[in-house]
Amino acid sequence: MASVRLLVTRSGCTALKAITGHGQRSLSVSSAVLARTHVSYEVKDNVAVVRINDPTSKVNTLGRHMQAELVEVINEIWGNSAVKSAVLISSKPGSFIAGADLNMFQACKTAEEVSYLLQAGQKMFEQIEKSPIPFVAAINGSCLGGGLEFAIACQYRIATKSKKTILGTPEVMLGLLPGAGGTQRLPKMVGLPAAFDMMLTGRNIKADKAKKMGLVHQLVEPLGPGLKSAEERTIEYLEEVAVDFAKGLTGKKVTVEKKKGLMQKVQDFVMGLPPVRKQIYKTVHNKVMKQSKGLYPAPLKIIECVQTGIEKGNAAGYLSESENFGKLAMTSVSRALIGLFYGQVACKKNHFGQPEREVKKLAVLGAGLMGAGIAQVTIDKGVATILKDTTEEGLARGQQQVYKGLNDKTKKKSLTTFERDRIMSLLSGQLDYRGFENADMVIEAVFEDLSIKHKVVKEVEAVIPPHCIFATNTSALPIKDIAAASKRPEKLIGMHYFSPVDKMQLLEIITTSKTSKDTTASAVAVGLKQGKVIIVVGDGPGFYTTRCLAPMLAEAVRALQEGVGPKKLDSLTTGFGFPVGAATLADEVGIDVAAHVAEDLGKAFGTRFGGGNVEVLKMMVQKGFKGRKSGKGCYVYGAKSKEKKVNSGAEDILKSFKLTAPPAVSADEDIQYRLVSRFVNEAVLCLQEGILPDPVQGDIGAVFGLGFPPCLGGPFRFVDSYGADKLVQKMKHFEEAYGNQFTPCQLLLDHAKDSSKRFHK
Amino acid sequence: YYTTLTSLCDNSTFRWTIKHSFSKKTLAKPGVKNIVLVDGVRTPFLQSGTTYADLMPHDLARAALQGLLNRTGLPKDAVDYIVYGTVIQEVKTSNVAREAALGAGFSDKTPAHTVTMACISSNQAMTTAVGLIAAGQCDAVVAGGVEFMSDVPIRHSRKMRKTMLSLNKAKTLGARLSLLGSIRLAHLSPELPAVAEFSTAETMGHSADRLAAAFGVSRLEQDEFALRSHTLAKKAQDGGMLSDVISFKVPGRDIVSKDNGIRPATMEQLAKLKPAFIKPHGTVTAANSSFLTDGASAVLIMSEEKALAMGYKPKAYLRDFVYVSQDPKDQLLLGPTYATPKVLEKSGLTLNDIDVFEFHEAFAGQIMANLKAMESDWFAQTYMGRKTKVGAPPMEKFNTWGGSLSLGHPFAATGCRLVTTVAHRLQKEGGQYGLVAACAAGGQGHAMVIEAYPQ
């Protein structure tokens, strides 16, 4: 979700009128007088080079101002008979147009208002599509959402092969759809299957892939440094090439249509058959329903818009697009997803200032799954890293994990084998403390046992320099307890990574009352460098994330004891929007870890964390059912068949701990809300207790770390949209059956009492 | 200008004046042995796939070595050591130096080894020789380089190789049959060597095109430079300047005594060519790039004492040299830019002191980019950590007898050609200092200062 802004026009009518006025040459007088700040143009050899540069931002967005100036400039170009073609280019390195300003939609009160904005955009692009002179979009950097829709309205597209050049329609990730002609033009341009893939996944497409798909016509190689910096010269070069092509288009030396291969012809023919198309719509629809459980409306609307456009013509298609976009913009799902987007942006900033020293050398203790994962994401960003383990076997396993992680990237071509080797060269695997005297930060990821952690703190502090930060990666042990063994607690901090580290975006940083601000700043800086989305929370058993998860898992165990099978439990949770079902999640986390955490947190928080019997988990661990890693947990793993089999051994254990389900609170929906309300209540309690600094970080932590349903936007947004009063009502109902595990916390009660109180504005 | 210069050189009055033009100090350093180039020769450089097509690399190298023996009259046992460069190795003769030396009739008591450093392989061979002599280990060393692009090792695919190797070890018929049965059609597709960077997988022409674009070198500039190279080479060839070329009776073919890639064309003809690497908007074409070439070269390097003792009149002193390396992606071919100021500094010279420049012309665009980089203070400050630019060589002193673009570029043989040409030009033109510079794959580069031997 690099950037997600969609196109809107200034205010429909004026923009439209201005645009439809092309051909009249009288328009330029007043606008020429006004100095433009976002868009400029010059005419080179009868080619108008339009340069976009938003001076107020790192990326170009189609905001009101940009929009207005673009309209002016395009009109001037159309009015100038000397101009035979035009090139559209951004002066910003790394951003063509990243989309349009989301705030514009958020400011709208009704779906109609949004649709109206969209229709103006659609028409503007239609004008460009039908322009009397050819437009060449010269793309370097992000070309997303409205930016891509702008580009595909142009007659010709040239993109740099830079890593930063990405094209895509990420709207679906915000619960929206490409609303400025995207659903209409893309299928014609890249074919139905590819267009669906782009719009339904929102994936970023690199330049060479875009060329293969037919999304761009030409590629330009990024240049190295010359008489100017590489970035500056690359943009200049792109412009030179684009101008040449623009001239070629005018002189008919360049043709837009590429020769179609046999496969393409066959595909076109097949797609021309209505029954085939019908089958595609149906297949895609079913796939979407299966994956989204019907919780996300945007993908279905995208299919609808595409279908309408193809089957009923452009006019109907555009109408469907703008109307559906308007409807989607008003949904709670879209608001939730947009909230997450902004939250994620906020959690990718260091709010603790610049650390005094940059971490240039990092050491990781423990080459297990976590340790190796941390090492991988660190060397990946060019930081020299020591990976230390106590046994050669463990070390070799960890090094292999890092290598495999990087090598998989070479298979996907996101890394060359040479780059892989260079990155690997930053990793030093060792069994001793050699080199720790130069480390700027040590992250320990050893076994979760307080006495072992204490031993490690002492050993490490004996060898590291005074400035070195000691970070501990633990999922539940309170940091202050670990810090008790430290001579320098101000340099000690918690960094809770999520497994697998190279895939999970979240990093939960835990500060104690003694942790210095610079230590925090440094930990955040390292996390950001590793590409993490970061929440910074206070210390306590389970911090924030583990603490929210534990009660939900306890409730899941209770449900299992009550006879809800693992499969049923999974389908109930995924049906609510969790990407991974509760039983599967327990297996992924590890039953032993879950047992450990449940016991620790149970001791710390008492009966509120009760529900399921911890003995169930312990018994499973005893029998070796530790989850996926041991091949058996709630399910049996390792078999090649796709269908997961329930572990009958685990079922037997559950039977021996069988509880009777109270019928008043055991309907499917009840079970879902029992699980979710305990999660949510604990999250709100964390905010109440000050463990969480704000609801935004609470939502981000829950969604990115624990898989809380993204369509709900996180526990806090869920309370806002669902209604605290309704939730409290449900909880009180559960409380009657089960007791204090469902007692709503004070802050939740406050929100229930006063409906004007909201976590998010 | 070149005509006047050549005619002046034939003029005896001018000869007299140049004898006295050695006003500049000699670069001899106290405590450092004077090392001299006694002579240098090369086979004619031929476009690959022409007259040499049926030879093997050591045949060419042998021809160069024999040519050197003939030219210098050197006793075959007077050589202490032989170093040869090669880039694309023929697997049968991986130490091509030894095979060629034996075939050329050198004493079998003279050891020989092969070095490889892409297009500066024979530079490396020569500086290895210099090192051996400077260290007092040898007095007379033959260095050279050979490249044979008419035949290159094309391999079976890795999977096929694996099967074949396993087949060697398979003991039973059944095991062999099952291995043979595992061969799939796809395994039969061969692996061809490419003139591409291993680290970046980018072909050199592609990189050159990007480099030219980065420095804003136009197609026209490149074509003009290419034409200049061919024109000057033709003039040098016709004027008999290329005296390092020996005649070579190719087994089964005629005697070859001329380079065959020199083809002065018109600008219109050059402009018609389509770009060869970056299509359709690139600027590097077949005509403004060096072409695939077969050829070998050899030089005789000695300590000055030894040379004089053997009655030789050396051609030049080999003085300071440097090797540099930089980013193999975006600065692959900028070796001369980095190496030139470094070697000048080492010698205590400035660009103005140099009378003769011989730069390896990999691509016209690469040369023009280097010249622009050398002229740029910004580049020197931003990328080289220098206060000011070193400056670009004046064209009237630059590659005036043609270059790799026109004479050809057998990768590992070019270095010796450059050094020998500098020595010959210094003699002809009466200069005192010459500078050789070259780029090489891997983002490496080399430069050497050569001082004329007093006539």
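Residues numbered from 1 in each chain as written. Chains lettered and ligands numbered in written order. Predicted model: local features only at pLDDT ≥ 70, side-chain atom pairs only at ≥ 80, totals over all residues. Heavy atoms only, no water.

With respect to the overall build of chain A
Within chain A, the secondary structure is distributed over 32 helices and 20 strands. In summary, chain A has a C-alpha radius of gyration of 28 Å against a globular reference of 27 Å for 761 residues, a match within 12%. Referenced to the eigenvectors of the C-alpha coordinate spread, the extents of chain A come out at roughly 80 × 60 × 55 Å. Scored against the burial criterion, the 761 residues of chain A give a buried share of 57%. The contacts of chain A with a sequence gap of at least 6 include a subset with a gap of at least 24, amounting to 74%. Side-chain charges in chain A split into 100 positive and 76 negative, and the spacing between the mean points of these groups amounts to 5 Å. (Helix = DSSP H or I, 4+ residues; strand = E, 2+ residues; numbered from the N terminus. Rg over C-alpha atoms; globule rule 2.2 N^0.38 Å. Buried < 20%, exposed > 50% of the residue type's maximum accessible area, 1.4 Å probe, protein only. Contact = heavy atoms within 4.5 Å. Lys, Arg positive; Asp, Glu negative; His and termini not counted. Charge placed at Lys NZ, Arg CZ, Asp CG, Glu CD.)

Brief notes about the pairing of strand β9 (residues 316-325) of chain B
Residues and elements named next belong to chain B. The buried fraction of β9 is high, at seven of 10 residues. Across eight bridges, β9 lies against strand β12 (residues 444-452) in antiparallel orientation. By the bridge assignment for β12, Y317 is matched with E451. (Pairing = 2+ DSSP bridges.)

As for the sheet that holds strand β17 (residues 506-511) of chain A
Residues and elements named next belong to chain A. Ordered by their spatial adjacency, eight strands build an open sheet running β13-β12-β11-β14-β15-β16-β17-β18, and the pairing between neighbours is mixed. Across the chains shown, the open sheet's two edge strands, defined by having one partner strand only, are β13 (427-430) and β18 (533-538). Each neighbouring strand pair of the sheet contributes to a mean axis angle of 25°, computed without reference to strand direction. Where strand β15 (residues 469-472) lies against strand β16 (residues 492-497), three bridges are found, and the strand directions are parallel. Note that in β16 the partner of A471 across the bridge is I493. Running at roughly 170° to strand β12 (residues 384-388), helix α16 (residues 369-379) makes contact with β11 (361-365), β12, β13, β14 (441-444) and β16 of the sheet. Relative to the sheet, helix α29 (residues 695-706) contacts β17 and β18, its axis offset from that of β18 by approximately 120°. (Axes fitted to C-alpha atoms, helices over the stretch in contact; angles between N-to-C directions.)

What to know about the interface of chain B and chain A
With 18 residues of chain B at the contact, the number on the chain A side is 19 residues. When chain B packs against chain A, the two sides together hide about 1600 Å² of surface, and 64% of this comes from carbon and sulfur. Between chain B and chain A we count four residue pairs in polar contact (both at pLDDT 80 or more) in total. Mapped onto the side of chain B that touches chain A, the elements with two or more residues apiece are α8 (204-214) and α14 (377-383) of chain B. It is α8(B) that contributes the most residues to the side of chain B that touches chain A, four residues altogether. (Buried area = accessible area lost by both parts, 1.4 Å probe. Polar contact = N/O pair within 3.5 Å; in protein donor to acceptor, adjacent residues only side chain to side chain.)

Some points on the UniProt feature "domain: Thiolase N-terminal" (unreviewed entry) in chain B
Under the present numbering, the feature "domain: Thiolase N-terminal" (unreviewed entry) in UniProt falls on residues 35-305 of chain B. When the span residues 35-305 of chain B is considered, its composition is 36% helix and 15% strand, and the gap between its end C-alpha atoms is 9 Å. (UniProt positions renumbered as here; feature names shortened; annotations may be inferred.)

A look at the side chain of B:E304
Residues and elements named next belong to chain B. Looking at the secondary structure, you find E304 in helix α11 (residues 304-309). Buried charged residue E304 carries no salt bridge. Nearest counter-charge: R319, at 6.5 Å. Only 2.7 Å separates the side chain of E304 from the side chain of Y453, close enough to count as a polar contact. E304 has contacts with N34, V36, Y317 and Y453, leaving out every residue within four places of it along the chain. (Salt bridge = Lys/Arg side-chain N within 4 Å of Asp/Glu carboxyl O.)

So, the UniProt feature "domain: Thiolase C-terminal" (unreviewed entry) in chain B
UniProt tags residues 312-451 of chain B as "domain: Thiolase C-terminal" (unreviewed entry). In residues 312-451 of chain B, the share of helix is 36% and the share of strand is 21%. The end C-alpha atoms are 17 Å apart.

Brief notes about the state of the cysteines
Inspection of the entire model under this criterion finds zero disulfides over all chains. Free cysteine A:C711: the closest other cysteine sulfur is in A:C548, separated by 17 Å. What makes A:C711 buried here is its relative accessible area of 5%. Summary of cysteine pairing: B:C416 is not part of a disulfide, and the nearest cysteine sulfur, belonging to B:C119, is at 14 Å. (Disulfide = S-S within 2.5 Å.)

Here we look at the sheet that holds strand β7 (residues 156-160) of chain A
Residues and elements named next belong to chain A. What the six strands build is an open sheet, ordered β1-β2-β3-β5-β7-β10; its pairing is mixed. Each edge of the open sheet is held by one strand with a lone partner, namely β1 (39-44) and β10 (218-220). Neighbour-to-neighbour, the strand axes of the sheet open up by a mean angle of 20°, direction not taken into account. Bridge analysis of strand β5 (residues 135-139) against β7 gives four bridges, and the strand direction is parallel. Bridge pairing in β7 places V136 opposite Y156. Packing against the sheet, helix α10 (residues 230-250) makes contact with β1, β2 (47-52), β3 (85-90), β5, β7 and β10, and its axis sits at approximately 160° to β3.

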